[in-house]
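These are the residues of each chain, in order.
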Amino acid sequence: MANSKKILVTGGAGFIGSHTTKLLQEQGRDVVVLDNLSTGHVSSVSCPLIIGDLSDRGLLNKIFSDFDIDTVIHFAASVIVEESMILPGKYFENNVVNSLNLLNAMAAHGISKIIFSSSAAVYGEPHYLPIDEDHPKMPTNPYGETKLMVEKILKWYLTSHNLSSVSLRYFNASGAHSDGSLGENKAIVTHLIPRVLRVAAHQTEVLQIYGNDYSTPDGTCIRDYVHVLDLAQAHFLALEKLDKEQGCFAYNVATGKGHSVTEVVNAAVEITKKMIPIEYAIRRSGDPTSLVADASKITNELGFSPKYSDLETIIGTAWVWHQRLLQENLAKIVA
Ligand code: UDP
């Protein structure tokens, strides 16, 4: 039976939030987005959008009074690891205090289901590979700490407020929508794949590879890249889980396959047919050698099955999106 209640998506104008919102709409779910547009874009949203911040408790109460919401998907957060090292206060405020505001407003209005954007950063330096959900959690940066703190808060809100949750621990989110309509559009570009594509598009001269002296087959770091459309699907599966069962759950969202920085660059050369000059730089502080998930829990329990997370599709869709952004920005300059 169709669910007539609404889903509130915080941060739905951002990268993963916008893909998930679009998927939910395609599945016939009724969605409303709350976003402060600090990094998100109005153009990424094609459902009702409330522009506002999670620090505004009055607004949260009004949203839960005005709309018949039964589930929240909570993406809104500050997400730049390096920035979190310099400005931890911003991260504890935006990611922890604001999440508490949201949870308290939900509790006050009897809303009992939340899907939370967590991160592989909750684990810190791997003690073993692949990383399963029981792996020790010792974040090495404030960003990861804030995600872990919210996960812990969720555990207690199940006991005290009957609030069920699924925390999805994303590994390396990447790629763009296969129809070219959505993608990563950040003012500060820190992730490997968009940086590689900037070099392919001649926006940057050379890609710096942070370290080629790691204990991996080619000396560069290994990550588990998961396509944003597969991430979106994981949220849909998490919704189904919460429709059936009460509890506090956590899942890795990943493929279980790792790719080195060199493999990513080589694949990008192949796909874009462009030269991608590289230079080896010193290691970036805090980068673990290898981060690869054990994804069997989400596969077995939720039926997760990534369809877009091969490197070719990830880089191919990101490249189409990157070129579109470039053209749009050029058109703005010319106009
Ligand atoms: N990386 C790199 N050059 C860059 C950006 C990233 O060599 O310009 C490396 C980084 O050191 C890491 C991998 O690419 O080993 C993935 O980094 P990203 O920032 O995309 O994701 P992270 O795993 O840090 O969240």
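The name an unreviewed UniProt entry gives the protein chain is UDP-glucose 4-epimerase. A UniProt comment under Sequence similarities (unreviewed entry) is attached to the protein chain, and it reads "Belongs to the NAD(P)-dependent epimerase/dehydratase family."

### Thoughts on the sheet that holds strand β4 (residues 69-74)
Neighbouring strands of a sheet are bound in pairs by backbone hydrogen bonds; such pairs are parallel or else antiparallel. The strand order across the open sheet built from seven strands is β3-β2-β1-β4-β5-β6-β11, with neighbouring strands paired in parallel fashion. Looking at strand neighbours, the two that pair on one side only are β3 (49-51) and β11 (248-253), the edges of this open sheet. Adjacent strand axes in the sheet meet at a mean angle of 20°, parallel and antiparallel pairs treated alike. As paired elements, strand β5 (residues 113-119) and strand β6 (residues 164-170) share seven bridges and run parallel to each other. In the strand pairing of β6, I114 is matched with S165. Helix-sheet contacts for helix α5 (residues 142-161) involve β5, β6 and β11, and the interaxial angle to β5 is about 155°.

### Side note on the sheet that holds strand β12 (residues 259-260)
With respect to topology, three strands assemble into an open sheet ordered β12-β9-β14, the strand pairing being mixed. Of all the strands in the sheet, just β12 and β14 (290-291) have a single pairing partner and so form its edges. Pairing between strand β9 (residues 222-223) and β12: two bridges, direction antiparallel. Directly across from I222, in β12, lies its bridge partner S260.

### Quick look at the nonpolar core
In this structure, V9, L24, L168, V253 and I298 are the most contacted members of the largest nonpolar core, which totals 34 residues. For this core, the secondary structure elements donating two or more residues are β1 (6-10), α1 (15-26), β2 (30-35), β6, α7 (228-244), β11 and α9 (296-302). Broken down by element, the residue count for this core peaks at nine residues, all from α7. Once residues lying within four places of it in the same chain are set aside, the contact partners of V9 are G17, T21, L24, V31, V32, V33, L34, I73 and F75. Of all hydrophobic cores here, the second largest spans 24 residues; its members include V32, L59, L154 and L163.

### Focus: the pairing of β5
Burial within β5 is extensive, with seven of its seven residues counted as buried. Of the two faces of β5, the one holding K113, I115, S117 and S119 and the one holding I114, F116 and S118 are both buried throughout. Two elements, β4 and β5, share three bridges in a ladder whose sense is parallel. Counterpart to V72 in the pairing with β5 is I114. Chirality of the crossover, the property in question, places the unit of β5, α5 and β6 among those that are right-handed.

### Some words on unusual backbone geometry
In this model, L129 is joined to P130 through a cis peptide bond whose omega is -10°. Mapping P130 onto the fold places it in the loop between β5 and α5. A positive phi angle is found at N162, which is not glycine, with a value near 60°. The class of N162 is partly exposed, set by a relative accessible area of 42%. Phi at H202 is positive, roughly 60°, even though this residue is not glycine.

### Observations concerning the pattern of salt bridges
Pairing of side chains with opposite charge becomes possible as their charged atoms draw close. Counted according to the given criterion, the structure contains 16 salt bridges. One salt bridge connects D287 with R223, and the closest N-O pair in it is separated by 3.8 Å. Residue D287 is located in the loop between β13 (278-281) and β14, and its partner R223 is located in strand β9; the two are separated by 64 residues in the primary sequence. Overall, the relative accessible area of 18% leaves D287 in the buried class.

### Topic: the UniProt feature "domain: NAD-dependent epimerase/dehydratase" (unreviewed entry) in the protein chain
When the UniProt feature table is mapped to this numbering, "domain: NAD-dependent epimerase/dehydratase" (unreviewed entry) covers residues 7-254. Each end of residues 7-254 is marked by a C-alpha atom, and these two atoms are 24 Å apart; helix forms 38% of the span and strand 21%.

### Considering the packing of helix α2 (residues 57-66) against helix α4 (residues 88-108)
To describe two helices that pack against each other, one gives the angle between their axes and the distance between the axes. For the pair α2 and α4, the least separation of the axes is 10 Å and the interaxial angle reads 35°. As α2 packs across α4, the resulting crossing turns out to be right-handed. Seen from α2, the contacting residues are R57, L60, N61 and F64; seen from α4, they are N101, L102, A105 and M106.

### As for the site of the ligand
The environment of the ligand is made up of 15 residues, and the closest members are L192, Q208, R223, R284 and D287. Contact distances for the ligand include 2.5 Å between an oxygen atom and a side-chain N or O atom of D287. Considered on its own, the ligand offers 520 Å² of accessible surface; in the complex 89% of this is hidden by protein. Mapped by element, the contributors of at least two residues to the shell around the ligand are α6 (192-200) and β8 (207-210). With four residues, β8 is the single largest residue contributor to the shell around the ligand. Taken together, the residues that form the shell around the ligand break down as seven nonpolar, four polar and four charged.

Basis of the calculations
- Residues numbered from 1 in each chain as written.
- Predicted model: local features only at pLDDT ≥ 70, side-chain atom pairs only at ≥ 80, totals over all residues.
- Heavy atoms only, no water.
- UniProt positions renumbered as here; feature names shortened; annotations may be inferred.
- Pairing = 2+ DSSP bridges.
- Helix = DSSP H or I, 4+ residues; strand = E, 2+ residues; numbered from the N terminus.
- Axes fitted to C-alpha atoms, helices over the stretch in contact; angles between N-to-C directions.
- Contact = heavy atoms within 4.5 Å.
- Core = buried A, V, L, I, M, F, W, Y, C linked by side-chain atoms within 4.5 Å.
- Buried < 20%, exposed > 50% of the residue type's maximum accessible area, 1.4 Å probe, protein only.
- Right-handed = clockwise from strand over helix to strand, strands pointing away.
- Salt bridge = Lys/Arg side-chain N within 4 Å of Asp/Glu carboxyl O.
- Left-handed = near helix turned anticlockwise from the far one by under 90°.
- Near = heavy atom within 4 Å.
- Polar contact = N/O pair within 3.5 Å; in protein donor to acceptor, adjacent residues only side chain to side chain.
- Areas by Shrake-Rupley, 256 points an atom, 1.4 Å probe, with all protein chains shown as cover.
- Nonpolar A, V, L, I, M, F, W, Y, C, P; charged D, E, K, R; others polar.

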